[in-house]
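Observations on the model geometry
Chain residues, written in single-letter form:
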Amino acid sequence: MMNDTIAQISSALGQGAISIVRLSGDKSFEIVNKIFTGPNLKEVATHTVHYGHINYNGKNIDEVLITVFKAPKTFTTEDIVEINCHGGVFVANKILETLLLEGARSANPGEFTERAFLSGRIDLTQAEAVMDIIEAKSDLSLSLANKGLDGEIFKLIVGLRTKLLNIIAHIEVNIDYPEYDDVIELSNIIIKPKIKDLLENINNLLEKANYGKVIKDGVKTAIIGKPNVGKSSLLNALLREDKAIVTEIQGTTRDIVEGSINIGGIILNLIDTAGIRESDDFIEKIGIDKAKSVINEAELILFVLDNNQLLSTDDEKLLDLTKDKKRIIIINKTDLNKELAHTFKHSIAVSALNKTGIDDLENMIKQMFLSGEVNLIDQTYISNARHISKLNEALMSLKDALKAIKDELPIDMVEIDLKNAWSTLGEIIGDTSTTSLLEELFSKFCLGK
Ligand code: GDP
């Protein structure tokens with residue numbers, strides 16, 4: 001139900017300086033007025049802050065600051081009240097409880113954002129960007145998420161759909177109004193290049209989406225190598241070099257991500273660090289099958305060798321296991337002997353002890369995953385897995401359309417593929433209505449002129 005009034009604690013549950021209890025809906029002011037000692041919220045100006053107390057049954061619950069947002073220029077487009085109370089779990093809950101007793105309904109997770117979407121205030125990609133901002137772990141990923149929130153992904157998709165609409169319009173006009181044949185020159189010469197152009201656009205987006213994914217989700221990284229080659233020293237050097245924070249991430253996926261470090265803006269999600277910490281033999285410690293699965297899972301292998309040791313059979317085995325992966329061979333302990341004992345493609349000489357060569361390693365990682373080309377000022381990158389899969393789907397439909405043209409199928413068969421691409425792209429931004437295509441088509445195409 002859209003028009004009931006919802007309430008929820010919007011800040012994190014835990015002790016802090018301030019908690020925020022938020023309401024949205026047309027009874028927001030009425031409900032809060034009943035328990036607030038400050039001014040009548042219906043009478044104050046929008047986007048203003050008011051001081052007072054929350055009272056219930058004659059009992060003072062808390063001293064608060066209340067922010068009033070009046071419809072329609074609000075997040076949900078409804079009346080919104082934000083109660084800033086003291087940051088205790090109990091007091092925030094108590095305030096929420098009184099709001100529910102006065103007629104608000106407890107909001108479901110994400111329901112404020114859902115209302116913003118349902119009211120057309122934001123599109124689906126912007127709603128998803130809210131989540132990305134909350135989950136951002138680096139400056140780059142935060143910038144990327146903010147671009148999403150600003151509607152940049154939306155604009156990208158709308159741009160593609162506009163091009164698509166243009167093509168469909170050419171076909172549609174020819175089908176429905178054959179007398180306009182002379183006005184619209186409909187032929188493979190017109191339709192085909194337009195589809196190819198669109199295909200190229202989507203392909204470009206998908207190519208760059210890899211960067212987006214790296215920025216957003218980071219790179220699953222395994223640091224491997226024999227005991228005592230300096231794996232944990234390297235990890236420490238990487239950590240100190242960037243004053244990076246090691247965070248314990250809860251395993252939300254099936255992979256064993258044990259911590260993440262920020263390497264010059266790229267988040268490396270370390271998998272299976274047990275072997276590293278305990279300076280144990282990687283393969284022996286976890287078993288060959290597990291070693292294989294860790295290597296499989298990893299998007300980047302940091303393979304550490306000791307410059308002062310010959311390659312062992314274990315090294316050879318691991319080198320072979322990782323030969324097809326994105327891999328950097330780190331030749332460590334070059335402080336003891338500067339002459340390199342090993343040469344490999346993508347290798348870096350370092351001293352984890354003296355912290356030399358760490359910058360080079362960082363640059364190589366950046367080069368490998370972002371090709372040094374990432375430009376978040378002028379460009380935006382698709383990073384959301386759902387968007388990527390929908391773009392791929394739209395790409396397939398466009399390829400089908402090209403094939404239909406090649407096979408000289410009737411033009412309305414081509415149109416079906418194009419309409420499929422249209423609705424697939426629509427799913428990205430949450431526009432799934434089929435009428436919108438026709439509406440837009442005819443508002444755009446002024447027939448009979
Ligand atoms: P791991 O078993 O691969 O994790 O290796 P460690 O990081 O525990 O290092 C094993 C030993 O090598 C320790 O005594 C380190 O101090 C030493 N070590 C690590 N890196 C270097 C280095 O770059 N130069 C020198 N001389 N010793 C190092």
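Residues numbered from 1 in each chain as written. Predicted model: local features only at pLDDT ≥ 70, side-chain atom pairs only at ≥ 80, totals over all residues. Heavy atoms only, no water.

Here the protein shows a mean pLDDT of 83. Residues at 70 or above account for 83%. Mean pLDDT in the protein bottoms out at helix 9 (residues 274-277), which sits at 48, and peaks at helix 1 (residues 28-35), which reaches 97. Below pLDDT 50 for its whole length, residues 275-280 participates in 14 contacts with residues either more than four positions away or in separate chains. (pLDDT = per-residue confidence, 0-100. Helix = DSSP H or I, 4+ residues; strand = E, 2+ residues; numbered from the N terminus. Contact = heavy atoms within 4.5 Å.)

The subject of this paragraph is the environment of Leu140. Following the sequence through the fold, Leu140 ends up in helix 5 (residues 139-149). Spatially, the C-alpha atom of Leu140 lies 7.9 Å from that of Lys216, the residues being 76 residues apart in sequence.

Here we take up the site of the ligand. Looking at the ligand, there are 17 residues lining it, with Asn228, Lys231, Ser232, Ser233 and Asp335 nearest. The separation between an oxygen atom of the ligand and a polar main-chain atom of Asn228 is 2.7 Å. A distance of 2.7 Å separates a nitrogen atom of the ligand from a polar atom in the side chain of Asp335. Summarising the interface, the protein chains cover 78% of the accessible area of the ligand, which totals 580 Å² for the free molecule. Element by element, the count of residues in the shell around the ligand is highest for helix 8 (residues 231-241), at 3 residues. Per-class residue counts for the shell around the ligand are 6 nonpolar, 7 polar and 4 charged. (Near = heavy atom within 4 Å. Polar contact = N/O pair within 3.5 Å; in protein donor to acceptor, adjacent residues only side chain to side chain. Areas by Shrake-Rupley, 256 points an atom, 1.4 Å probe, with all protein chains shown as cover. Nonpolar A, V, L, I, M, F, W, Y, C, P; charged D, E, K, R; others polar.)

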